[in-house]
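Now for the letters of each chain:
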Amino acid sequence: MSFLPSPLARAGIKVLQSVPLRNSANQMSYFNPETYATEDALKVGRFHCLRDGWEDGMLSFMQSGGFRPKEKVPQIDAPSLVLWGREDGILEGKEFANKFIDAMPNASLQWIEECGHVPHLEQPEVTARYISEFLQTESVRPLRSRANKVLNGGIFDGLFSFLN
């Protein structure tokens, strides 16, 4: 994208803002589009595109070479949980989820069934449970005795108690 002349890039940006493209993405985002791909979801999905300065910011982003996770993701060495909707219509999970897992030495993958690109909307309870369980693992949470000495309790104590 960085090689496109500005007028051509701006034309592409207009397409990104368009109702037909956003509606298509909205339909692809959900396992259950009848429930979630609503007119309100379309409006929310376009909202950022309609803000003052978005076109200029998008042009700058495109000219910079855009999003390049291949360079950044391998630098993440903290324990990480990758949540992926099994029926993601935006980024196909078998290809992209595994790329994240392969690139991150301390990552684990958790598939969310009957879910598309937005697990926090389609499967909020399952998503919250997986996050809570991950935050309670020893890879994230120091051993209880060390945590008591350092923090006078675990850093995540009580944070997700509402899920129990």
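Everything below is about the structure printed above this text.
Remember, it's a predicted structure, so these values are computed and weren't measured experimentally.

Asker: Teacher, can you tell me more about the side chain of Ser 29 here?
Answerer: Along the chain, the position of Ser 29 falls in the loop between α2 (19-28) and α3 (33-36). Judged by its relative accessible area of 12%, Ser 29 falls in the buried class. The residues touching Ser 29, leaving out its near neighbours within four places in the chain, are Ile 90, Gly 116, His 117, Val 118 and Glu 122.

Asker: Would you take a moment to explain the packing of aromatic side chains for this structure?
Answerer: To describe a pair of aromatic rings, one takes the distance between the centres and the angle between the planes. Counted under the stated rule, the structure contains 2 aromatic pairs. Centroid distance Tyr 30 to Tyr 36: 5.7 Å. Interplanar angle 25°. Geometry classified as stacked. Residues Trp 84 and Phe 100 carry aromatic rings whose centres are separated by 5.9 Å and whose planes lie at 50° to one another, so their mutual orientation is tilted. Here Trp 84, found in strand β1 (residues 80-85), pairs with Phe 100, found in helix α7 (residues 93-103); they are 16 residues apart in sequence, far enough to count as distant. Given a relative accessible area of 26%, Phe 100 falls into the partly exposed group. The cationic tip of Arg 129 hangs over the ring face of Tyr 130; the distance from NZ or CZ to the ring centre is 5.0 Å.

Asker: Where do I start with unusual backbone geometry in this structure?
Answerer: For residues other than glycine, phi is negative in most cases, and the peptide bonds are mostly trans. For Glu 114, which is not glycine, the phi dihedral falls at a positive 50°. In this fold, Glu 114 is placed in the loop between β2 (107-112) and α8 (119-122).

Asker: Teacher, can you tell me more about helix α5 (residues 54-63) here?
Answerer: Each full turn of the α-helix corresponds to 3.6 residues, which orients residues three or four apart in the same direction. Along α5, the residues classified as buried are Trp 54, Met 58, Leu 59 and Met 62. Buried residues of α5, seen end-on, are gathered within an arc of 135° and therefore sit on one face of the element. Structurally, α5 contributes buried residues whose contacts are with α1 (6-17). Positive phi appears at Gly 65, one or two residues downstream of α5, with a value of about 105°.

Conventions used here
- Residues numbered from 1 in each chain as written.
- Predicted model: local features only at pLDDT ≥ 70, side-chain atom pairs only at ≥ 80, totals over all residues.
- Heavy atoms only, no water.
- Helix = DSSP H or I, 4+ residues; strand = E, 2+ residues; numbered from the N terminus.
- Buried < 20%, exposed > 50% of the residue type's maximum accessible area, 1.4 Å probe, protein only.
- Contact = heavy atoms within 4.5 Å.
- Phe/Tyr/Trp six-rings, centres within 6.5 Å; stacked < 30°, edge-to-face > 60°.
- Lys NZ or Arg CZ within 6 Å of the ring centre and 35° of its normal.
- Arc of directions from axis to C-beta.

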